[in-house]
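Spelled out from the first residue to the last, the chains are:
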Amino acid sequence: MISVHEPIDSGGMLHPELRAEHDPNSIMRDGRRLDHAEGTSKPLRVLPEPQPRGAKVRGNRPVDQQEAAGRFIAAPEHEKMHDERLWDLRQKRDREMHGIAEWEELRSLASAIKEHTLTHLDKYLDQFETNARANGIHVHWARDAAEHNQIVHGILRDHGAKSLIKSKSMLTEECGFRAYMASVGIEVTETDLGERIQQLDNEDPSHVVVPAVHKLRTDVAELFSRTIGTDPDNTDVHYLAEAQREATRPLILDADAGMTGANFVVAETGTFVVCTNEGNADLSANVPKLHIASIGIEKILPRMEHLAVFIRLLSRSALGSPMTQYTSHFRGPRDGGEMHVVLVDNGRSERLGLEEFWTSLKCIRCGACMNTCPVYRRGGGLSYGATYSGPIGLIIDPTFNKRKYSNLPYASSLNGSCTNVCPVKINIHEQIYAWRRVLVEEHEVPLAKKVAMKAAGVLLSRPMAYRAAIAAADTALAHLPRFIIYNGLNAWGKHREVPHAPKQTFHSWYHANRGGKP
């Protein structure tokens, strides 16, 4: 057993190119390579390869995550980079975890704080509104995505604003905010590098923390050459980042309004906190005179002393770094400015009433469950066709639309790793399993799967029929031609070999060796 006081040597678990132990460009401290956060890993050497696109979303029809993931896996350079990069983040998270003796106590405390707050949500939201208004903040309430967008549009219209800069916010993605703003003639510019890349490529974020992690450097070089005029053959990350900065900075300086989300909201003080590694939230909040913050109602915490618990957990869980570069507290408008907060429900109150799924509201959007999930790492975040991907998406997305996201809870091996790394101890894998049961009960399962499961249930409930079927299947596998076994009906055989049948079943072995005796 490994002591929580001892650091884990996970070098053998990382790809050699990610370790970069002898990289002359590495940052060293106390004789060791500083490898906090995803940006300090040595880039994998990649060959140019077209980027696979995300899931094909067709209205309310169920998203085919398996088909989209198959296309991502079929792009070996992208699949390898994505898998290795996110596993690197998972290992860095583990090293940080084992460096804090009280890590499990922090997780338990964070979970308890969230549970208490969510079960007294009305009280703390009222307290926040009272204190925020006393601080000079205008507070608005939005029942759903449409109302959120209309409220923000009204604020911008009242100020004659035609351009808006914003920092990263999953809530605004959830609300379809940019598309709405485009429809009313307001230009929105993402200031987070990853989000800006995704915006320029007309794609949704593929990860809640590193939204463009599915892209190779060659993808970004090609994209920037088309959109901001960079050299398509220059894939140097410093060149690309600086080019984007130079292209975006004038838009920031000339913007009429700024928008942020919030990682945490403190009821006691009427403040909200935004955590970033680029400082772009500070630019969005302070360069224009008008600052709008869109905040989900579940982000509330009772007191400032509780905030410290989550700050210690957030960046360590997300990127394996001790803290974010910028943890910005906003308590009121800047001098001569105006601040608005829009508190958004959008289905959260309804989810709070779901007995088996309400604890998903504890999520602090760290992405740790994504970084560890083998399905997410290999299939890519855009394969889910939803705002929230990975394990947390499997339990959140069906609350928005059971039919559209009815396939997603099956995109999991139920290995439990997501639950083990969750900083607020959400029982993610158990909720994924529970969603499968709910979807079956509410007839949101494809007919073919329903028929197959019913047939399996009948077979498994009759021992003699089951043993006869196993014997027939073993004989068939041993003698049938390959083209009959590997066909369109055999989903297992599409990506792997069917295992060889054992010479003896457990039942026949038990009967021969134990003779039915106890």
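Given the structure is predicted, the values throughout are model-derived calculations rather than measurements.

Draft legend 1. Representation of the overall build of the protein chain within the structure. Helix and strand content of the protein chain: 23 helices and twelve strands. Here the C-alpha atoms of the protein chain give a radius of gyration of 25 Å, agreeing with the 24 Å that 2.2 N^0.38 yields for 518 residues. Its C-alpha atoms give the protein chain principal-axis dimensions of about 85 × 55 × 50 Å. Restricting the contact set of the protein chain to residue pairs at least 6 apart, pairs at least 24 apart contribute 74%. Only carbon and sulfur atoms are counted for the fraction: they give 54% of the accessible area of the protein chain, which is about 25100 Å². Between the mean site of the 63 positive side-chain charges and the mean site of the 64 negative ones, the protein chain shows a separation of 6 Å.

Draft legend 2. Structural detail: the pairing of strand β8 (residues 271-276). The element β8 is largely enclosed, with a buried count of six among its six residues. Alternating positions in β8 separate into two faces, Thr 271, Val 273 and Cys 275 on one and Phe 272, Val 274 and Thr 276 on the other, with burial throughout. Relative to β8, strand β7 (residues 264-266) is paired through three bridges, and the arrangement is antiparallel. Looking at the pairing, Val 266 lines up with Thr 271 of β8.

Draft legend 3. Representation of the domain arrangement of the protein chain in the model. Domains assigned within the protein chain are domain 1 (73-190 + 253-349) and domain 2 (447-514). For domain 1 versus domain 2, the distance between C-alpha centres works out to 50 Å.

Draft legend 4. Expanded view of the pattern of salt bridges. Summed over the entire model, instances satisfying the criterion amount to 31 salt bridges. A salt bridge links Arg 53 to Asp 201, with the shortest nitrogen-to-oxygen separation between them at 3.3 Å. Residue Arg 53 is located in the loop between β2 (32-33) and α2 (65-73), and its partner Asp 201 is located in the loop between α9 (193-200) and α10 (217-227); the two are separated by 148 residues in the primary sequence. Assessed through its relative accessible area of 10%, Asp 201 is described here as buried. Measuring nitrogen to oxygen at the nearest pair gives 3.5 Å for the salt bridge that ties Asp 83 to Arg 378.

Draft legend 5. Quick peek at the packing of helix α17 (residues 390-400) against helix α19 (residues 428-441). At a closest axis distance of 9 Å, the pairing of α17 and α19 adopts a crossing angle of 40 degrees. Comparing their axes, α19 and α17 come out oblique. α19 is crossed by α17, and the crossing has left-handed handedness. Mapping the contact onto sequence places Pro 391, Ile 392, Leu 394, Ile 395, Pro 398 and Thr 399 in α17 and Ile 428, Gln 431, Ile 432 and Trp 435 in α19. Residue composition of the contact of α17 with α19, by class: eight nonpolar, two polar and no charged.

Draft legend 6. Highlighting the environment of Leu 354. Assignment of secondary structure puts Leu 354 in the loop between α14 (348-352) and α15 (368-372). For Leu 354, a relative accessible area of 29% gives the class partly exposed. C-alpha separation for the pair Leu 354 and Thr 399, spaced 45 residues apart in sequence, amounts to 9.4 Å.

Draft legend 7. Looking closely at the sheet that holds strand β6 (residues 257-260). Read from one edge to the other, the open sheet built from six strands follows the order β3-β12-β9-β6-β4-β5, with strand pairing classed as parallel. Each end of this open sheet is capped by a strand with a single partner; those strands are β3 (138-142) and β5 (187-190). Strand-to-strand twist of the sheet, defined as the mean angle between neighbouring strand axes without regard to direction, takes the value 25 degrees. In the sheet, strand β9 (residues 290-296) pairs with strand β12 (residues 338-344) via seven bridges, with the strands oriented parallel. In the sheet register, Ile 295 faces β12, and the bridge partner there is Leu 343. Strand contacts of helix α11 (residues 237-253): β4 (163-166) and β5, with the helix running at about 130 degrees to β5, the strand carrying the most contacts.

Draft legend 8. Quick peek at the nonpolar core. With 58 residues, the main nonpolar core has Phe 264, Phe 310, Ile 392, Ile 395, Ile 426 and Ile 428 as its most contacted residues. Each residue touching Phe 264, except ones within four places of it in the same chain, is listed here: Phe 272, Val 273, Cys 275, Lys 299, Leu 301, Leu 307, Phe 310, Ile 311, Leu 314 and Ile 364. Of all hydrophobic cores here, the second largest spans 22 residues; its members include Phe 128, Ile 137, Val 274 and Ile 295.

Draft legend 9. Main features of the side chain of Lys 114. For Lys 114, the position within the fold is in helix α4 (residues 103-118). For the buried residue Lys 114, which engages in no salt bridge, the nearest side chain bearing the opposite charge is Glu 298, 6.7 Å off. In this structure, Lys 114 is in contact with Glu 298, Lys 299, Ile 300, Leu 301, Phe 310, Leu 361, Lys 362 and Ile 364, ignoring residues within four places of it in sequence.

Draft legend 10. Spatial organisation of the pairing of β9. Across the seven residues of β9, seven count as buried, placing the element largely inside the fold. Residues of β9 alternate between two faces, with Leu 290, Ile 292, Ser 294 and Gly 296 on one and His 291, Ala 293 and Ile 295 on the opposite face, all of them buried. In this structure, β6 lies alongside β9, joined through three bridges in parallel fashion. Residue pairing in the sheet places Met 259 in a bridge with Ile 292 of β9.

Draft legend 11. Representation of helix α13 (residues 304-318). For α13, with 15 residues, the first-to-last C-alpha span of 22 Å sits near the 21 Å given by 1.5 Å per residue. Taken from the residues just after α13, Gly 320 is the one with a positive phi, measuring 75 degrees.

Draft legend 12. Geometry of the packing of aromatic side chains. As enumerated under the stated definition, the model contains six aromatic pairs in all. The structure contains a cluster of three or more aromatic residues connected by ring pairs, namely Phe 506, Trp 509 and Tyr 510.

Draft legend 13. View of the side chain of Thr 359. By secondary structure assignment, the location of Thr 359 is in the loop between α14 and α15. Once you skip the residues sitting within four places of it in the chain, Thr 359 turns out to touch Ile 426, Asn 427 and Gln 431.

Draft legend 14. Broad picture of the environment of Leu 121. One can find Leu 121 in helix α5 (residues 121-134). Look at Leu 121 and you get buried, because its relative accessible area is 10%. Sequence-wise, Leu 121 and Ser 349 are 228 residues apart; in three dimensions their C-alpha atoms are separated by 9.5 Å. Residues within four places of Leu 121 in sequence aside, it is in contact with Ile 297, Ile 300 and Leu 352.

What counts and how
Residues numbered from 1 in each chain as written. Predicted model: local features only at pLDDT ≥ 70, side-chain atom pairs only at ≥ 80, totals over all residues. Heavy atoms only, no water. Helix = DSSP H or I, 4+ residues; strand = E, 2+ residues; numbered from the N terminus. Rg over C-alpha atoms; globule rule 2.2 N^0.38 Å. Contact = heavy atoms within 4.5 Å. Areas by Shrake-Rupley, 256 points an atom, 1.4 Å probe, with all protein chains shown as cover. Lys, Arg positive; Asp, Glu negative; His and termini not counted. Charge placed at Lys NZ, Arg CZ, Asp CG, Glu CD. Buried < 20%, exposed > 50% of the residue type's maximum accessible area, 1.4 Å probe, protein only. Pairing = 2+ DSSP bridges. Domains from an automatic or database assignment. Salt bridge = Lys/Arg side-chain N within 4 Å of Asp/Glu carboxyl O. Axes fitted to C-alpha atoms, helices over the stretch in contact; angles between N-to-C directions. Parallel < 35°, antiparallel > 145°, perpendicular 65-115°, else oblique. Left-handed = near helix turned anticlockwise from the far one by under 90°. Nonpolar A, V, L, I, M, F, W, Y, C, P; charged D, E, K, R; others polar. Core = buried A, V, L, I, M, F, W, Y, C linked by side-chain atoms within 4.5 Å. Expected span 1.5 Å × (residues − 1). Phe/Tyr/Trp six-rings, centres within 6.5 Å; stacked < 30°, edge-to-face > 60°.

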